[in-house]
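Coordinates in review
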Amino acid sequence: MLFRHGYIEISTSGKGIYDVTSFVHEFVSNAGADSGHLICLCEHTTASLTMLGGVDRELEHDLFAFFERLAPESDDYFHNNTGGDDMPSHIKAVLTLPSVAAAVLGGDLCMGPNQGFFLLEHRAEGQKRKISISFLGTGMTGEAVPFRA
Amino acid sequence: MLFRHGYIEISTSGKGIYDVTSFVHEFVSNAGADSGHLICLCEHTTASLTMLGGVDRELEHDLFAFFERLAPESDDYFHNNTGGDDMPSHIKAVLTLPSVAAAVLGGDLCMGPNQGFFLLEHRAEGQKRKISISFLGTGMTGEAVPFRA
Amino acid sequence: MLFRHGYIEISTSGKGIYDVTSFVHEFVSNAGADSGHLICLCEHTTASLTMLGGVDRELEHDLFAFFERLAPESDDYFHNNTGGDDMPSHIKAVLTLPSVAAAVLGGDLCMGPNQGFFLLEHRAEGQKRKISISFLGTGMTGEAVPFRA
């Protein structure tokens, strides 16, 4: 049985969609993973990790315009320790996802051809974000290489 | 260690709730799974996979009426490559789930007596949908049978 | 390979956020878990399990005020077998999470320093709630102890 764990670390520049799909593929490949389970967890509660497809500037615009209508920053919140975008960011993160689980089969991630892994940044200011990523299953023949995005 | 992977494939007839619970049980049984982890992932970004209970026509009606109020198709969206229901479907899928993870214990899925696995179709037109399903853990004695829903 | 499964059982006193983080840590420790995957599943469809951070009375108030605006109990729903909070509770549960998956590394849960595991109770009345929790991976040296929260 093979277990490998690493982190994907990215710096965001404020609200938006950040594609981390290539880091996930790189981790699976560097881990020497053959077949098993992959778990990714966004280690923050004002950002989220999800799967999206067909992402372009229009989709990003529409999604964040929707989020703003859903939980407007102009509303009054009691929890506002770190600014007016604090509580709305928590709300948006609770409604999206901290963790995604997927299968790996013969070294390939089992996901739709148009699917990818995306971090959603909900805070107005840029942040350093960390995604825990791990594989448990069988390994390919050959030495596994430690991974750090 | 036993790893088994398969697909649940269903054809939807447009927006609605589709019960895939029996396919999930069938996969666990056919996989010869004893105890370990099950991961299901909906390989699409305008449909989702979730757990629901007490599903009837009233619940389906109320849930989709809620979705329509939440992200109306009559709103203007910039991302509308494949119709007015394109972006609202992405929004609804982001707010629900691509993947569900559960435990299997002694061949049985650990879930509530009223819980089941359901695909939510968000597109107006019927679609072919694929759910990746996999088990990692220990196997029952006896030969595991390849699975395809 | 080590597989351990248990339940976290709590009694809620109606709508609110219930911290179960210490039970999750206790399970990992009692399971004798070294490195692998942890999966938690809320076995109900009118409560949910999610990760939050910085939880205080203000955040709890704001989150549930948001939920009430999102799916008001005063709205008319066709599915109302068990009261006016029945369907809104299903809606809120579908929008949050039944299951969370995370990695364990060297006996420690891989999650953010401010993250924790929380059950969200959506029903007005107090309920008995059960969370399935399981670990699959490698064990520490020494005997694993059966767990029940």
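Predicted model only: the values in this text are computed from it and were never measured.

Grouped together as the largest cluster of nonpolar side chains are 141 residues, with contacts concentrated most on A:Cys40, A:Ala102, B:Cys40, B:Ala102, C:Cys40 and C:Ala102. The contacts of C:Ala102, once residues within four sequence positions are left out, are A:Ile39, A:Leu41, A:Ser99, C:Leu38, C:Leu109, C:Cys110 and C:Met111.

Relating one copy of the chain to the other requires a rotation about an axis plus a shift along that axis. Laying chain A over chain C is done by rotating through 120 degrees and shifting 0.0 Å along the axis; what remains is an RMSD of 0.0 Å. Seen this way, the second copy is the image of the first under a three-fold rotation axis. Among all residues of chain A, the one whose C-alpha sits closest to the rotation axis is A:Leu95, at a distance of 3.3 Å.

For helix H2 (residues 57-70) of chain A, which comprises 14 residues, the first-to-last C-alpha distance of 20 Å matches the rise-based estimate of 20 Å (1.5 Å per residue) to within 8%. Restricting attention to buried positions, one finds in H2(A) the residues A:Leu59, A:Asp62, A:Leu63, A:Phe66 and A:Phe67. Projection of H2(A) onto a plane perpendicular to its axis shows the buried side chains occupying an angular sector of 135 degrees, all on one side. Those residues of H2(A) that are exposed and angled more than 90 degrees off the buried face are A:Arg57 and A:Arg69. Looking at the buried side of H2(A), the elements it contacts are strand S2 (16-19) and helix H3 (86-95) of chain A together with helix H3 (86-95) of chain B.

With that out of the way, let us pick up the interface of chain A and chain C. Counting residues at the interface gives 24 residues for chain A, matched by 31 residues for chain C. Broken down by element, the side of chain A that touches chain C gets its largest block of residues, 5 residues, from H3(A). Of the residues belonging to the side of chain A that touches chain C, the class tally is 14 nonpolar, 9 polar and 1 charged.

In this assembly, 24 residues from chain C lie in contact with 31 residues from chain B. Where the side of chain C that touches chain B is concerned, the elements lending two or more residues are strand S1 (2-11), strand S3 (33-42), helix H3 (86-95), strand S5 (99-105) and strand S8 (128-139) of chain C. Residues that form the side of chain C that touches chain B fall into these classes: 14 nonpolar, 9 polar and 1 charged.

In this section: the packing of helix H2 (residues 57-70) of chain B against H3(C). Where H2(B) contacts H3(C), the two axes come as close as 10 Å, and the packing angle between them is 60 degrees. Overall, the two elements H2(B) and H3(C) adopt an arrangement that is oblique. The handedness of the crossing between H2(B) and H3(C) is right-handed. Facing H2(B), whose interface residues are B:Leu59, B:Asp62, B:Leu63 and B:Phe66, H3(C) presents C:Met87, C:His90, C:Ile91 and C:Val94. Taken together, the residues that form the contact of H2(B) with H3(C) break down as 6 nonpolar, 1 polar and 1 charged.

What follows is about the sheet that holds S5(C). Residues and elements named next belong to chain C. Pairing is antiparallel across the open sheet formed by 5 strands, whose spatial order is S1-S8-S3-S5-S6. Both outer strands of the open sheet, S1 and strand S6 (108-109), are each paired with one neighbouring strand and no more. Sheet topology note: the S3/S5 ladder contains 6 bridges and is antiparallel. Looking across to S5, one finds that glycine 36 is bridged to valine 104.

All names here are of chain C. Strands sit in the order S2-S7-S4 across an open sheet of 3 strands; the sheet is antiparallel. Two strands in the sheet have a free side with no partner beyond their single neighbour: strand S2 (16-19) and strand S4 (47-53). Direction aside, neighbouring strands of the sheet carry axes that sit 40 degrees apart on average. As paired strands, S2 and strand S7 (residues 115-121) are joined by 4 bridges and run antiparallel to one another. Across the sheet, the residue bridging to glycine 16 is glutamate 121, located in S7.

How each quantity is defined
Residues numbered from 1 in each chain as written. Chains lettered and ligands numbered in written order. Predicted model: local features only at pLDDT ≥ 70, side-chain atom pairs only at ≥ 80, totals over all residues. Core = buried A, V, L, I, M, F, W, Y, C linked by C-beta atoms within 7 Å. Buried ≥ 20, exposed ≤ 12 C-beta atoms within 10 Å, placed from the backbone. Contact = placed C-beta atoms within 7 Å. Least-squares fit on C-alpha atoms with pLDDT ≥ 70 in both. Helix = DSSP H or I, 4+ residues; strand = E, 2+ residues; numbered from the N terminus. Expected span 1.5 Å × (residues − 1). Arc of directions from axis to C-beta. Nonpolar A, V, L, I, M, F, W, Y, C, P; charged D, E, K, R; others polar. Axes fitted to C-alpha atoms, helices over the stretch in contact; angles between N-to-C directions. Parallel < 35°, antiparallel > 145°, perpendicular 65-115°, else oblique. Left-handed = near helix turned anticlockwise from the far one by under 90°. Pairing = 2+ DSSP bridges.

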